[in-house]
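Below are the chains, spelled out letter by letter.
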Amino acid sequence: MVKPLVPPMVDILGPYLSTPQSVSSRPGKTGDAAGAGFSWLKDCTDENAEDGTPLGAEFLNNIKAQLLTAYIDSNISIDDADDMLSRLFRSREPAGQCQLRYVSATSITLFPKGGDRVKVAGKLVQLPSGGIAAANTGVSVNGVAGQNLAANTAYLVALNAAGTLEFWAVATGHFPDTTAGNIGVEVITGHPDKTLVGMVYTNASAQFSVSASYLGVISWFNRRALSVTGTNTAGAGTASTSFVELTTSARIFFCAWAEEVVDIRGVGQCYNNTSGNSAGMQIGLDNVQVGYGGGMYASIGGQNSFTGAHFTGSVSEGAHYATPFGAIANAGGGFFQVQVDATVRG
């Protein structure tokens, strides 16, 4: 007797339920919720029986076609290496599930954010739940271990393949990597195995600092709007007819990315103590007048008037300070109760 021909299975998710040699429960996994509603391959009842699900070349080719399509769409080279599937999975992972934050004067931490993976040299580094911390002493600076950070200095912060943070001079720079498997990941220039994660700007004590008037830690990944606000000039005066800094005590300090726009605002009151003269305010950025500002005219000497100034634009990458500038026109003395604040993304 000739056995009836059973067509081989071709659907990679399982034989159709109408196929005679299939089962509706997953063999060896009774009660498995993942198997509910699907059909499954059927084993032969014994080594001589031919009552199991037949497999043919079409089934295996369909599986291969699925993998090839995934590799090609993800720009994974078809080289038959053992890590092709691993590279495919890694290519689908976000490169920077982290955020660098200030913890204390002697500690910063790279915390998980939106996940816990950061791509470094083409591989994913998994962050612990508490993040990866670094101190301001005994750390790697410009590739040299066991160094202390300098005072009043901005550093790029990078994550290495060992899962530790390193500090690099801002002048070293960074760029999107072009190395296969790590393409597009922002790395320290000349060091594709160091992924950029943030920037710090140490204070006069060579410590980390984040306060109302000092923004010394920003993140490369998962940036948010951060504010910094200076103190009031409290009546500081000037008789200069060109714009000058009113007082160093009203400065704000921050670090910024070159690709981001910084918004700096000034507001308050001023007056000229001599009738028929005026006083005005501007923004000073690193002791250079920027943006635009306003002033007042004293029809009667000593009259207070509201004033303001504003700058929005890109700045060079690294550390900066902003401060209120003031000036008078013609004669008299100008007196100011003004302050500046800024919004920086990082």
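What comes next is a walk through the structure. (Residues numbered from 1 in each chain as written. Predicted model: local features only at pLDDT ≥ 70, side-chain atom pairs only at ≥ 80, totals over all residues. Heavy atoms only, no water.)

Before going further, it helps to spend a moment on the nonpolar core. Counting residues in each nonpolar core, the largest one holds 65 residues, and the members touching the most others are Ile108, Leu159, Leu165, Phe167, Phe254 and Ile264. With six residues, the single largest contributor to this core is strand E10 (residues 154–160). Not counting residues within four places of it along the chain, the set of residues in contact with Ile108 comprises Leu100, Arg101, Tyr102, Val103, Ile132, Ala133, Ala134, Val157, Phe167, Val200, Phe208 and Val217. (Core = buried A, V, L, I, M, F, W, Y, C linked by side-chain atoms within 4.5 Å. Buried < 20%, exposed > 50% of the residue type's maximum accessible area, 1.4 Å probe, protein only. Helix = DSSP H or I, 4+ residues; strand = E, 2+ residues; numbered from the N terminus. Contact = heavy atoms within 4.5 Å.)

The next point concerns unusual backbone geometry. Unlike most non-glycine residues, Ala121 shows phi in positive territory, near 50°. Summarising the element assignment, Ala121 is placed in the loop between strand E5 (117–120) and strand E6 (123–126). With a relative accessible area of 41%, Ala121 lands in the partly exposed category. Notably, Ala234 is not glycine yet its phi reads approximately 55°, a positive angle. As for its position among the elements, Ala234 is in the loop between strand E18 (225–229) and strand E19 (236–238). Judged by relative accessible area, Ala234 falls into the exposed class, the value being 64%.

For the rest of this paragraph, the subject is the side chain of Asn160. Mapped onto the fold, Asn160 is located in strand E10. Excluding its chain neighbours within four sequence positions, the residues that come into contact with Asn160 are Val120, Val125, Glu166, Asp193 and Lys194.

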